[in-house]
Amino acid sequence: MPGKPAPIKKSPAKKAVVKAPEPAPEPKPAPVEAPPAETPAEAAPAKAVEGEAAAAAPAEAAPAEATPAAEESAPAAPAEAVVVEEPPKAPTPPPPALPTSTPLNVTVDDVNESSLTIKWQTPETIGDSGLDGYTVEYCKDGSTDWVVANKELIAVNRYCIQNLTAGDLLHVRVVAVNPGGRSEPGTLAGPVPIREIVDRPKVRMPRTLRSRYVKQVGEQINVVIPFLGKPKPVVSWLKDGQPVDSKRVNIRNSDKDSILFIRAAQREDSGVYEMTVKVDSFEDKATITLQIVELPGPPASVKLVDTWGFNAALEWTPPKDNGNTEIIGYTIQKADRKTGEWFTVLDHYHRLTATVSDLIMGNSYAFRVFAENKVGLSEMGTVTKAVATIQKTDIVYTPPEYPEHDFSEAPKFTTPLSNRAATVGYTTKLLCSVRGSPKPKIEWLKNQMIIGDDPKFRQIAQQGICSLEIRKPCSFDGGVYTCRAKNAQGEATVSCKLEVKPEINNSNSCREETVWFTNAFPVLCFISLAELHCIADIQINSVFTCTAQWKMWRFKIFSVIYFLAVCADQDNGNPPTPILNKDPGLNLMYVGETVTFTCKVSVSSGWTYVWYKDGNELTTTEEINRIRLDLSDRGHYSCKAIRGAITTDRSNVMPLNVLEIPVPVLSRGTRWSDVFPTENVKFSCKMQDSLSWTYTWYRDGQVIQPDNTVSFDPDKATLSISSASDSHAGQYMCKGFLSSRSVNSSFSSGLDLTVYDKKPNINLSQDPEYKEMFIGEQVSFTCGIKVSSGWEYEWYRDSTLLTETSNKYLINSVGKTDSGSYTCKAKRGSDKFFHTDSSQAIHLQIEEIPVPVLRRGTRWSDVFRTENVKFSCKMQDSLSWTYTWSRDGQVIQPDNTVSFDSDKATLSISSASDSHAGQYMCKGFLSSRSVNSRFSSGLDLTVYDMKPNINLSQDPEYKEMFIGEQVSFTCGIKVSSGWKYEWYRDSTLLTETSNKYLINSVGKTDSGSYTCKAKRGSDKFFHTDSSQAIHLQIEEIPVPVLRRGTRWSDVFPTENVKFSCKMQGSLSWTYTWSRDGQVIQPDNTVSFDPDKATLSISSASDSHAGQYTCKGFLSNRSVNSRFSSGLDLTVYDKKPSVTLTQDPEYKVMFTGEQVSFTCGINVSSGWKYEWYRDSTSLAETSNKYLINSVGKTDSGSYTCKAKRGSGKFFHTDSSPFKDLEFKERPKAIILALTGWSEVFSTDSLVLKCQVEESQDAWNYTWFKAGEPIILQASEKHTATPQNDPEQSAYTCRGIRTGRPSYSEESSSFTTKNLLLKRRLLLSISGCLFFGIIAVFIGCIVLRVIRKPVDDYEKPEEAELFLTMAQLKDRSDTPSPLVAYITDENLKAPSQAGDENDTTCNESAPITSEDQAVTTESLDKEENNAAMVSFKQ
């Protein structure tokens, strides 16, 4: 209401008049030399006080225009002071009054349907004249007639303009008034509509929508979100920050809620939906996270990893499609291949690998895996490609396949042969070692000739160890032996020299003379060379040892006859087999190539060869057979050798496969034979076999060479043209050749290549040819090219590549994103595409089908019976639209009360009733194009038949409020408008009349039960019923409780500290901490948990000492508690000292003694201790470390330190060291003093006890069988049959007064039968000694008296050897040579030492008797002129 005008500030002149003192007497004349007065006011007469006082105040802060007057009055005072008698001048007039500056920040405070409240701020400059008040003026929009709202000036900065007309648009201004006049007006930023703003918008999000809203694909979504706000708020929706797609999502808004409707949800409907409710400049938002889920896809792949026993291991990968939700498990099924029925073996399984067990032996199983999410199992399962077969018998394990390492290596001898010397007749071995891969073939050679299968030699090769055993070598077996190792990687040889030494006898004189004969023997027959050499050596040596040179002719005749017999005997053996080789060793040969067969007999020479092909004899007889191949030469080849009457067996059969040279096949790399400039071309040439062919290319008969555009792969099997031109046109052919074999094929068939001179033209057309299309219509584009084939198409919209690749691009239902300029072009090729130029562009413009705008003909959305209603529907374009009307989804037909105009753009209801209530919508359509718009937004029409309900709500909705908080109650009525409200607390009427009751700071008196009700009308008010009651309870803010995290209040530097602050209740309090009244901020050492309920100091220091307090606050409610009671924290300036004491304090301890250490710290509490010996941690944690029995391992330097804390321990420094030295306790020993000489003269045993390695004086204690002997302590003890009839075990121990006080107990000394044992031992030793002496003397006597035997008394030995004449006369004696070479004699061990046979053996020693026999035999044979054989 307007108040009386009241002055804001009095003028300075009036203040001076009130406060001026009474007039003073005239001042005395002042002397001339007196200085001028400091201010004019001090020297002015009393009469001038009233006039000059006004000038004194502005002297400090006067306006700019008042400054000259003040300056002029300054010199006037001294003049008056000089001439005292002159009357005072008239007072200086005050400066003229000036208006104030413009009122600031004029804004709207409140507005309703009949009033407008504005507020503003005081002008920045008021001036000397002060401020009398404000005038508020307004005028309607479009008018210049300003109306003064307040009849009298107002002093406050807020004013309510009343009795306004609803719907007006007003401009408002405020003018400040003072004696200087009116100020410049302060105006509102814009016109203000006069209408009711009952309630700010508020979204009431249902609880079910506050979290993620999950639906399945295909389900219907109908989300209703209520909201508050008056007048009707404007509702808008966004999805992921973009407008929602009206094709997929239907939005229906009313004045009380908004409905989001999706008929059949799809995956793409998932996202974050945001609803904004706005009333004027006020708005509220709410978000919904919508997740559309469906069944997942099957696992991407399922693999049978392994099968063993009755188990199968599976492995799979997650599905590519998880159904838009998390995969929660997998289901594994198995199926027997016999029945095909599936059974679940694992479900709700979470891993990606599984082992299926208990499979049945003999069955084969397939497996499949289903993925599972919150919706269910995937529709299909992924089946393993492989089948798990459970073997009936053995468990088959398939080892993993590893790439084979190439261990191929040429042979290499790791241990070479060593030169050796052997003795004739003694078997010897040559050894070496070789390595190589593959396993080398070992061959032995003697003097560069292969030994082969000679039975005299035994060849063994095992594990890389090669040995050659030479059985009973003769002198001819000496020579150079070579071991040769060969494999596919190469060969290696190693050699040594073997020297065969003869026996030591007198037969060596003739060997030099018979070498010529020996060298002729090997060519006589096919017996083993080594055997022949040995035979020859034996014969020659035998002959020349026993005859004179003048009888040489007799020896020669005998030798020839003898060896002819030997060769005749050998002819009955097996002849050698020739070896057939082929060069080159290829399995497949082509016509025109040359192949060489070689037939080789490794023994001797002079052979003639017979060749066979497929069993038929050929004409050639040479060792080498060269053939220039033809198809008729295909077959199997073999050979045999002939020399004299000897014919060998056939050699190995060597197959020869001869084929015609194949013709290469030429093929294109593309499906077309015509290309365009710059297009790439590829031809490939291929032979129908696996050989490494190289190819030559021809174009029109000319060889093609590589250049900048033509290239080949390494074997020229592929010809590539990177950029075709006219020069590349022609007929292409190729032929292949094998360079290593000089094989050339014939030409392939030709392929023609045509190259056009320019790129092809491409044409684009549209159907239908509308330049402007509406969303939902169908349109297609066709891209045409008339040249060649194999084209793929690229479609572009506004230069953006589309996914279509056919020549037609169809849009079944166009959308806004389909607008743009369309072009196409064609391409073909594989690696490098050839592209045509782009077609002409066709611009397609897509427009949204306009939505009709539905408007009311009246201001009210709710009416009563018989009232008339009008709606209008209008499109925002110039097309001829026709409209259809619906109410609650039902088409409206005209009747007695409902009518339309000609195009149905207006609907009129003459008399409303209950049947007319509902939501009205309209839509337009163009029949010529089958275009239908969406329905307009709906307008609800409500027809009431009863009183409205009223609802009371509280914000915030806390049942318990704390003193000082703000709370508001809102009284809402959802029917109609124009309501006024009445508020009650505990049935007491309150003064508030708006729909909102606000308590800025609640107190105890605000507790109570609140209700409201609404009324409207003028003369007679209509009252609603009262709302439901809301009880408001006001409580004191609780005080937090502060606690320590440890039991101690004093800490040391670097120690961690923890405090906790806790409120008594379940609210989410956050806390503030202070130390000595200062707020604590987190830093490097101070940290808090998320709600700051715990304060942690990681490393305490002096700065952390003080008294700690905390207080809590609710950030979302602006509630702050008082500080808690304080807790003091003391931080020492250094770490505490640790002391270590020892009890007893001996530095040296002996075995078995007890010692303890005590670790002491006299500051604070809560300590745990760590013990160390020589820096090694011990297990003890108390402050005392006890060693019950000191041992050698207990020696060392002991120290301790203390720690305390939980997660991070605080450690003190270590205590000083205590050294503990260990010594073994001296040990007592028992000695027997009764000597050996006394064993026959006494029955007592004297024992002595003494301490080893000790010079101290000891007393001794004796023990018998573990029990002490109660006698006077003595170092000796005598055991007799009287005091020890049982002859027990004795021990003793030394004792003394110093340290150590006792020694270690001696070892047990047993006296049982000791004297008897000594007596027996002495008796037996004496007997043995005298027996040995007697035997020795007897041997000497026997040696002296024995006589030797005479030689003639020896028995005569029989004739051991027969002469050759005697051998001839005996029919039962075989040839000595035949007997020698038989297998039995070869295998028999040497008998030279026992039988004195005639083999080459040097091992038998020659005794004197043997020598006599030999000499006698030689002399006798010489006299009889007979030949003696096989005799040494």
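Residues numbered from 1 in each chain as written. Predicted model: local features only at pLDDT ≥ 70, side-chain atom pairs only at ≥ 80, totals over all residues. Heavy atoms only, no water.

A short note on the overall build of the protein chain
Check the secondary structure of the protein chain and you find 15 helices and 108 strands. Across the 1432 residues in the protein chain, those meeting the buried criterion constitute 36%. Summed over all atoms, the accessible surface of the protein chain reaches about 83800 Å², with 51% contributed by carbon and sulfur. (Helix = DSSP H or I, 4+ residues; strand = E, 2+ residues; numbered from the N terminus. Buried < 20%, exposed > 50% of the residue type's maximum accessible area, 1.4 Å probe, protein only. Areas by Shrake-Rupley, 256 points an atom, 1.4 Å probe, with all protein chains shown as cover.)

As for unusual backbone geometry
Residue P768 follows D767 across a cis peptide bond; omega there is -5 degrees. Note on placement: P768 falls in the loop between β55 (763-767) and β56 (772-774). Look at the link from D1143 to P1144: it is a cis peptide, with omega at -5 degrees. The topology assignment puts P1144 in the loop between β93 (1139-1143) and β94 (1148-1150).

Points about the state of the cysteines
Scanning the entire structure with this criterion turns up eight disulfides. Across the disulfide from C783 sits C824; the S-S distance is 2.0 Å. In this structure, the disulfide formed by C783 and C824 twists by about 80 degrees around the S-S bond and is classed as right-handed. Here the residue C783 occupies a position in strand β57 (residues 779-784), and C824 occupies one in strand β61 (residues 820-828), the gap between them amounting to 41 residues. The pair formed by C783 and C824 is uniform in burial state, with each residue classed as buried. In this structure C466 is not part of a disulfide, and its nearest cysteine sulfur, from C432, lies 4.6 Å away. C483 takes part in no disulfide bond, and the closest cysteine sulfur, belonging to C432, lies 3.8 Å away. Relative accessible area serves as the criterion here: at 0%, C483 is assigned to the buried category. (Disulfide = S-S within 2.5 Å.)

Structural notes on the confidence of the model for the protein chain
Of the residues in the protein chain, 80% have a pLDDT of 70 or more, and the chain-wide mean is 79. Here residues 1377-1432 is a poorly scored stretch, pLDDT under 50, and it has 73 contacts once near neighbours within four places are set aside; other chains count. (pLDDT = per-residue confidence, 0-100. Contact = heavy atoms within 4.5 Å.)

Looking at the side chain of S745
Mapped onto the elements, S745 comes out in the loop between β53 (743-744) and β54 (751-755). If we ignore the near neighbours within four places in the chain, the residues touching S745 are I661, P662, P664, M687, K735 and G736.

Some remarks on the sheet that holds strand β66 (residues 869-874)
The strand order β64-β66-β70-β69 describes an open sheet built from four strands, whose pairing is antiparallel. Edge strands, defined here as strands with exactly one partner in the open sheet, are β64 (853-856) and β69 (898-900). Across the sheet, the mean angle separating the axes of adjacent strands is 20 degrees when strand polarity is ignored. Bridge count for β66 against strand β70 (residues 906-909) is four bridges, and the pairing is antiparallel. Within β70, the position partnered with K870 by the bridge is S908. (Pairing = 2+ DSSP bridges. Axes fitted to C-alpha atoms, helices over the stretch in contact; angles between N-to-C directions.)

A few points about the packing of aromatic side chains
Scanning the model with the defined rule gives 31 aromatic pairs in all. With a centroid separation of 5.4 Å and an interplanar angle of 65 degrees, the aromatic rings of W120 and Y134 are classed as edge-to-face. You can see W120 sitting in strand β2 (residues 116-121) and its partner Y134 sitting in strand β3 (residues 133-140), a full 14 residues away along the chain. The class for W120 is buried, based on a relative accessible area of 4%. Ring centres 4.6 Å apart and planes at 75 degrees place the aromatic pair Y698 and F747 in the edge-to-face group. With a gap of 49 residues between them, Y698 in strand β48 (residues 694-699) and F747 in the loop between β53 and β54 connect regions that are remote in the sequence. (Phe/Tyr/Trp six-rings, centres within 6.5 Å; stacked < 30°, edge-to-face > 60°.)

With respect to the pairing of β57
Taken together, the five bridges between β55 and β57 define a ladder with antiparallel strand orientation. Across the sheet, Q766 pairs through a bridge with F781, a residue of β57. Sheet topology places β57 next to strand β60 (residues 808-811); four bridges connect them, and they run antiparallel. Opposite V779, over in β60, you have I811 as the bridge partner.

Points about the pattern of salt bridges
Counted by the stated rule, this structure contains 26 salt bridges. For the salt bridge of R248 with D269, the shortest nitrogen-to-oxygen distance reads 2.6 Å. Placement of the pair is R248 in the loop between β14 (242-243) and β15 (250-253) and D269 in the loop between β16 (257-262) and β17 (271-279), with a sequence separation of 21 residues. Judged by relative accessible area, R248 falls into the partly exposed class, the value being 26%. (Salt bridge = Lys/Arg side-chain N within 4 Å of Asp/Glu carboxyl O.)

A word on the sheet that holds strand β50 (residues 710-712)
Backbone hydrogen bonds are what pair the strands of a sheet, in a parallel or an antiparallel way. Taking strand neighbours across the sheet as the criterion, the four strands line up as β45-β47-β51-β50 in an open arrangement whose pairing is antiparallel. This sheet does not close on itself; its edge strands, each paired only once, are β45 (665-668) and β50. Neighbour-to-neighbour, the strand axes of this sheet turn through a mean angle of 20 degrees, independent of strand direction. Pairing of β45 with strand β47 (residues 681-686), which is carried by four bridges, proceeds in the antiparallel orientation. Following the sheet pairing, V665 is matched in β47 by K686.

Structural notes on the pairing of strand β103 (residues 1245-1251)
Because side chains alternate across β103, one face comprises the buried residues L1245, L1247, C1249 and V1251, and the other comprises V1246, K1248 and Q1250, none of which is buried. Relative to β103, strand β102 (residues 1228-1232) is paired through five bridges, and the arrangement is antiparallel. Bridge pairing in β103 links A1232 to L1247. Bridge count for β103 against strand β106 (residues 1276-1279) is four bridges, and the pairing is antiparallel. In the sheet register, L1247 faces β106, and the bridge partner there is H1277.

Section: the environment of C685
Among the structural elements, C685 can be located in strand β47. On a C-alpha basis, the gap between C685 and W697 in space is 8.9 Å, while along the polypeptide they are 12 residues apart. In this structure C685 touches P664, V665, Y695, W697, A717 and C734, once residues within four positions along its chain are discounted.

Side note on the environment of T678
Turning to its location among the elements, T678 is positioned in the loop between β46 (674-675) and β47. Taking the C-alpha atoms as reference points, T678 and K759, 81 residues apart in sequence, are found 9.2 Å from one another. The contact partners of T678, leaving out residues within four places of it in the chain, are S722, S723, A724, K759 and F834.

Observations regarding a nonpolar patch on the surface
Taken together, the side chains of F1329, F1330, I1333, F1336, I1337, I1340, V1341, L1342, V1344 and I1345 define a hydrophobic patch exposed on the protein surface, amounting to about 1100 Å² of accessible area. You can see I1333 is positioned in helix α10 (residues 1314-1345). Overall, the relative accessible area of 39% leaves I1333 in the partly exposed class. (Patch = residues over 30% accessible without salt bridge, like charges linked within 9 Å, V, L, I, M, F, W, Y side chains within 5 Å.)

Some details on the side chain of T117
Within the element layout of this structure, T117 appears in strand β2. Leaving out residues up to four positions away in the same chain, T117 has contacts with T107, V108, D109, D110, R158, Y159 and C160.

Concerning the environment of L586
Inspection of the secondary structure puts L586 in the loop between β36 (579-583) and β37 (588-590). The class for L586 is partly exposed, based on a relative accessible area of 28%. For the pair L586 and L656, spaced 70 residues apart in the sequence, the C-alpha separation amounts to 8.5 Å.

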